[in-house]
Amino acid sequence: MSVLTTPLTELVGVRHPVVQTGMGWVAGPRLVAGTANAGGLGILASATMTYAELGAAITKTKSLTDKPFGVNIRADATDARRRVDLLVRENIRVASFALAPKKDLIARLKDAGVVVIPSIGAAKHAEKVASWGADAVIVQGGEGGGHTGPVATTLLLPSVLDVVDIPVVAAGGFYDGRGLAAALAYGAAGIAMGTRFLLTQESTVPGSVKQQYLDRGLQDTVVSRKVDGMPHRVLHTDLVDSLERSGTLRGLFAAARNAYRFRAMTGMTWSTLIRDGRATKRASDRTWQQVIMAANTPMLLKAGLVDGNTDAGVLASGQVVGLLDDLPSCRDLIDGIVADAIERIEAIAALGASPQSIHE
Ligand SMILES: Cc1cc2nc3c(=O)[nH]c(=O)nc-3n(C[C@H](O)[C@H](O)[C@H](O)COP(=O)(O)O)c2cc1C
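Only a predicted model underlies this, so the values are computations on that prediction, with no experimental measurement involved.

## A short note on the environment of Thr 204
Along the chain, Thr 204 falls in the loop between helix 9 (195-198) and helix 10 (207-214). Once residues lying within four places of it in the same chain are set aside, the contact partners of Thr 204 are Val 26 and Arg 30.

Structure (structure tokens):
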């Protein structure tokens, strides 16, 4: 099979310029190893794991693949430095950051030879992380699932490509070979996908929940701020409607209850939870109300994506869900995308070579 060699494949040492992003509760060892074995870059999501769980997930992933993979971390977690040290010790190839990364963490990773690829949602953030030494960025347009911004990939991507000279990976709305060919035509070094990988054989999301995603159309996602105070793209469900209608006090009460459950589940002490909250507040300029609500996200996502209780949980999703109607293996998915992209690129190149395309 032909391959597409790009600055991303060369930087990371993977066969295909296709990234499976670090989705909380979804991107575990099975999905990450499935992606890695298929030649893509799989990224473990660690924001919803304790430090010990992250260690176990790295060990498990290594037992399933000998290919390089990445780990997504939250720079504002109180144990972020310890997690970075773990990545270095474990010789992890790529560190990805959700939300704002930190200069000192990037420096530590770079010193140890770990490739650093933060996710960003605006050109100015891309410039900032590039100046701190990031090796590449993933830029997520507004149609993407989970936390997302207001600007579509078609405009955000060129705005980022215009201001940085490190490899840029395009995310938000990708699912097929046309998207990969288009991203490469923009000047990106590859594509990153969340929702598409959630809907694969290797994804551990319960089958009944996957079916709920497959049943949805292009207009069946909404961006809600009521989950954790930040814009979050999720499937439109009755629960989301009721969150949208709920008043501030009820929302805060529910969030505090979720903070309590999150603490019990992760074994976190209250002081760590509060310290994390303070750090989040400082790093992201959020109000205390938003910080308390932040505990909602992991718990509401877990209810849906792990426990399969879609009445009690939110289901993060990109708009692309409306175009997905199958559950391929990671290998079939990636092979199909790359083969189709190569065909498209050759067809476009042939346009330039054909005399009919020249209009006098
Ligand atoms: C279920 C789900 C959970 C996500 N969790 C995270 C996360 O924990 N950290 C992160 O950086 N991005 C997270 N994201 C965003 C994805 O990493 C990715 O940027 C996004 O899904 C790309 O858009 P797409 O869904 O159109 O492919 C999540 C997305 C989904 C759909």
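More follows now that the structure is in view.
## Some details on the packing of helix 4 (residues 80-89) against helix 5 (residues 103-111)
Interhelical geometry of helix 4 versus helix 5 gives an angle of 15° and a closest axis separation of 10 Å. Considering their axes alone, helix 4 and helix 5 lie roughly parallel with respect to each other. The two elements helix 4 and helix 5 cross, and the hand of that crossing is right-handed. For the pair helix 4 and helix 5, the contacting residues are Ala 80, Arg 81, Val 84, Asp 85, Leu 87 and Val 88 in the first and Leu 105, Arg 108 and Leu 109 in the second. Broken down by class, the residue content of the contact of helix 4 with helix 5 amounts to six nonpolar, no polar and three charged.

## Looking at the packing of aromatic side chains
Considering all chains together, one arrives at zero aromatic pairs under this definition. A cation over a ring is seen here: Arg 82 above Tyr 51, with NZ or CZ 3.7 Å from the ring centre.

## Notes on the nonpolar core
Generally speaking, a soluble globular protein has its nonpolar side chains buried in company with each other. Counting residues in each nonpolar core, the largest one holds 59 residues, and the members touching the most others are Val 160, Phe 197, Tyr 213, Leu 305 and Val 314. Ranked by the residues each element gives to this core, the list is headed by helix 16 (residues 330-353), at seven residues. Taken domain by domain, this core gets at least three of its residues from each of domain 1 (7-204 + 328-351) and domain 2 (208-305). Residues within four places of Val 314 in sequence aside, it is in contact with Val 227, Val 234, Leu 239, Val 240, Leu 243, Leu 300, Leu 301 and Gly 304. In terms of nonpolar packing, the next biggest core, distinct from the first, is built from 23 residues, Phe 69, Leu 86, Leu 87 and Val 116 among them.

## A short note on the sheet that holds strand 4 (residues 94-98)
Strand order around the closed barrel formed by eight strands is 1-2-3-4-5-6-8-9, with parallel pairing between neighbours. In this sheet, neighbouring strand axes are inclined to one another by 25° on average, regardless of whether the strands run parallel or antiparallel. Alignment of strand 8 (residues 168-171) against strand 9 (residues 190-193), held across three bridges, turns out to be parallel. Paired with Ala 170 across the two strands is Ile 191, which belongs to strand 9. Those strands touched by helix 2 (residues 29-37) are strand 1 (18-20) and strand 2 (41-45), and its axis lies near 170° from that of strand 2.

Conventions and cut-offs
Residues numbered from 1 in each chain as written. Predicted model: local features only at pLDDT ≥ 70, side-chain atom pairs only at ≥ 80, totals over all residues. Heavy atoms only, no water. Helix = DSSP H or I, 4+ residues; strand = E, 2+ residues; numbered from the N terminus. Contact = heavy atoms within 4.5 Å. Axes fitted to C-alpha atoms, helices over the stretch in contact; angles between N-to-C directions. Parallel < 35°, antiparallel > 145°, perpendicular 65-115°, else oblique. Left-handed = near helix turned anticlockwise from the far one by under 90°. Nonpolar A, V, L, I, M, F, W, Y, C, P; charged D, E, K, R; others polar. Phe/Tyr/Trp six-rings, centres within 6.5 Å; stacked < 30°, edge-to-face > 60°. Lys NZ or Arg CZ within 6 Å of the ring centre and 35° of its normal. Core = buried A, V, L, I, M, F, W, Y, C linked by side-chain atoms within 4.5 Å. Buried < 20%, exposed > 50% of the residue type's maximum accessible area, 1.4 Å probe, protein only. Domains from an automatic or database assignment. Pairing = 2+ DSSP bridges.

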